[in-house]
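# Close look at the chain arrangement
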Amino acid sequence: MSMIYDVAVVGATGLVGETVLAILQERNFPVGNIHLLASERSVGIKKQFKGKNIQVENLQDFDFSQVQIAWFCAGGAASEKYAPIAADSGCIVIDNSSVFRNDFDVPLVIPEVNPDSLINYSARNIIANPNCSTIQMLLALAPIHREVGIERINVATYQAVSGSGKAGLEELAKQTTSLLNAREVEVSVYSQQIAFNVLPHIDVFEENDYTREEMKMVWETQKILADENIAVNATCVRVPVFHGHSEALHIDTSSFISAVEVRSLLKDAAGVEVVGSPQQQEYASAVVNGSGSDLVYVSRIREDLAGNNGINMWVVADNARKGAALNAVQIGELLIEKYL
C-alpha cells in the first residue's frame, strides 16, 4: 500500500496557496488529511479539495504535530514566526517566502537543477522554495552551466502583477478599467500607476541601490548552482501583465557554445520547452505560453554579436505555478520519493 501524508497549506486563501491546492490535486499527491490554514479573518472560509469542502483553520492555533508536510505560502512574516514552530514539532516545512533562503543549513531547491541539496533538509526541517524569477532563469541556464560553465549573467525581468498576489491583480484590473472610462486611478499596491506603465522597482531598495528582488537573483543563483564565482547583474521590472514573468537574458560562458548547441541542450532539459522560429515570428510570450502552464519556455536563442562567449535568450514562465506552487509541490514529491 502506498504511503499517504497528512499535510497543511499555510496561506490557503492566497494566490499561491490556492495554486498549491490545485496542483496537489492535479498531480495526485498522496494526501491523507489536509489542513488549510490562514489568519483569523479567513477562518471558516471553505475551499474544495478532491470534491470535499475543507474549512480554513486559524494558523495561530494549529498544532503542526498533526501533519508531516506543510507548504507555507503566507509571506515572510508568517513564515518567520510559524515555520520554526512547525519544524520543531516534527513537520517538514516547504517555505515559499525569502526568510530562510540564504541560511546555510536550509536547502534551496529546484528539483530539476539541484535535487541532491535536499539531502540535508533534516538539519532544520525547513526547505526553501526559490524566488519565481530565479527558478525560471535557472531552469534555462543550468544545462548550459553544466556543459560549459557560466561566468556572468545579465538579466532584465518583466514581472507580472500576480507576483504581488491577488492585490496586484486587482489593482491592475481596477486601474485599467478606470483609465478606459476616463477616471482617475487609485494607487495602493505599487508606488506608481501600474496600468499602461512599467516600474523598475520590485521589493525594497537595498543600500547598494539594487532592489531586494534583484539581490535575491544574485544570492539564490550562486547558492543553487553552488558557484559563488558566477556574477549576476539583475534589473527587475513590474509590467502590466496579469500572469507570467518574462526575462531577457545575456550570459557569458566559460567556453564557446553555439546557439544551435544551446537549443539542443535545452530541448532535452526537464521542465523546459524551446519555442521559436524567428522567420515565422514565433516566440514565447507570457499570455500565449506562460500563463497556466507548468513549463519554462525559451526562445530567441542567439549568439552575442560582439563575438564573445555570449548567448542571449528570452525566457517565459507562469510565476504562480512553476515559479512558486509547482516547484514547491515538486520538492514535496522529491522528499517523499527519496527521503520519507
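Here we summarise the structure given alongside this text.

Analysis parameters
Residues numbered from 1 in each chain as written. Predicted model: local features only at pLDDT ≥ 70, side-chain atom pairs only at ≥ 80, totals over all residues. Heavy atoms only, no water. Helix = DSSP H or I, 4+ residues; strand = E, 2+ residues; numbered from the N terminus. Rg over C-alpha atoms; globule rule 2.2 N^0.38 Å. Buried < 20%, exposed > 50% of the residue type's maximum accessible area, 1.4 Å probe, protein only. Contact = heavy atoms within 4.5 Å. Areas by Shrake-Rupley, 256 points an atom, 1.4 Å probe, with all protein chains shown as cover. Lys, Arg positive; Asp, Glu negative; His and termini not counted. Charge placed at Lys NZ, Arg CZ, Asp CG, Glu CD. Core = buried A, V, L, I, M, F, W, Y, C linked by side-chain atoms within 4.5 Å. Pairing = 2+ DSSP bridges. Axes fitted to C-alpha atoms, helices over the stretch in contact; angles between N-to-C directions. Left-handed = near helix turned anticlockwise from the far one by under 90°. Expected span 1.5 Å × (residues − 1). Salt bridge = Lys/Arg side-chain N within 4 Å of Asp/Glu carboxyl O.

## So, the overall build of the protein
Secondary structure summary: the protein contains eight helices and 13 strands in total. Expected size for 340 residues packed as a compact globule is a radius of gyration near 20 Å; at 20 Å, the protein falls within 12% of this value. By the burial criterion, 53% of the 340 residues in the protein qualify as buried. Counted over contacts in the protein with a minimum sequence separation of 6, partners at least 24 positions apart contribute 67%. Of the roughly 15,500 Å² of accessible surface on the protein, 47% is carried by carbon and sulfur atoms. Charged side chains in the protein number 25 positive and 41 negative. The centres of these two groups are separated by 6 Å.

## Some thoughts on the nonpolar core
In terms of nonpolar packing, the biggest core is built from 60 residues, with Phe 64, Phe 72, Leu 141, Ile 153 and Met 313 touching the most fellow members. Sorting elements by how many residues they give to this core places helix 3 (residues 132-148) first, with nine residues. Among all residues touching Phe 72, those that are not within four sequence positions of it are Val 10, Phe 64, Ala 78, Ser 79, Tyr 82, Ala 83, Ala 86, Val 93, Ile 94, Asp 95 and Asn 96. In this structure, Ile 23, Ile 54, Val 56 and Val 109 belong to the second largest nonpolar core, which totals 33 residues.

## With respect to the sheet that holds strand 6 (residues 92-95)
In space, the seven strands of this open sheet follow the order 3-4-2-1-5-6-7, with mixed pairing throughout. If you trace the sheet from one side to the other, it starts and ends with strand 3 (46-49) and strand 7 (126-128), each paired once. Taken pair by pair, the neighbouring strands of this sheet meet at an average axis angle of 30°, ignoring direction. Sheet topology note: the strand 3/strand 4 (residues 52-58) ladder contains four bridges and is antiparallel. Counted as the bridge partner of Phe 49 is Lys 52 from strand 4. Sheet contacts for helix 1 (residues 15-26): strand 1 (5-10), strand 2 (31-38), strand 3 and strand 5 (69-72); angle to strand 3, the most-contacted strand, approximately 25°. Contacts from helix 8 (residues 321-338) reach strand 1, strand 5, strand 6 and strand 7 within the one sheet, and its direction differs from that of strand 5 by about 160°.

## Focus: the packing of helix 3 against helix 6 (residues 259-267)
In contact at an axis separation of 9 Å, helix 3 and helix 6 are set at 115° when each is read in the N-to-C sense. Crossing hand, helix 3 versus helix 6: right-handed. When helix 3 is examined against helix 6, the residues Ala 140, Pro 143, Ile 144 and Glu 147 are found in contact with a partner set consisting of Val 262, Leu 265 and Leu 266.

## Description of the sheet that holds strand 12 (residues 296-303)
Taken together, the six strands give an open sheet; going across it, the order is 9-8-10-13-12-11, and neighbouring strands pair in mixed fashion. Taken across any chain shown, the strands that pair with only one partner, and hence form the sheet edges, are strand 9 (231-238) and strand 11 (272-274). Along the sheet, successive strands turn relative to each other by an average axial angle of 20°, direction set aside. Summarising the sheet, strand 8 (residues 150-159) and strand 9 pair through eight bridges and their orientation is parallel. In the strand pairing of strand 9, Asn 154 is matched with Asn 233. Lying over the sheet, helix 3 contacts strand 8, strand 10 (245-253), strand 11, strand 12 and strand 13 (310-317), oriented at roughly 25° with respect to strand 10.

## Describing helix 5 (residues 212-224)
Here helix 5 contains 13 residues, and its C-alpha end-to-end distance of 18 Å stays within 8% of the 18 Å for a straight helix at 1.5 Å per residue. Helix 5 sits mainly inside the fold: 10 of its 13 residues count as buried. The elements touched by buried residues of helix 5 are helix 3, strand 8, strand 9 and strand 10. Taken from the residues just after helix 5, Ala 226 is the one with a positive phi, measuring 55°.

## Notes on the pattern of salt bridges
All chains considered together, the criterion is met by 12 salt bridges. Among the salt bridges present, the one from Arg 124 reaches Asp 105, with a minimum N-O distance of 2.7 Å. You can see Arg 124 sitting in the loop between strand 6 and strand 7 and its partner Asp 105 sitting in the loop between strand 6 and strand 7, a full 19 residues away along the chain. Look at Arg 124 and you get partly exposed, because its relative accessible area is 27%. On the basis of relative accessible area, Asp 105 is assigned to the partly exposed category, the value being 22%. Here the residues in one salt-bridge network are Glu 18, Lys 47 and Lys 166, joined through shared partners.

These values are about where atoms sit, not about what they do.
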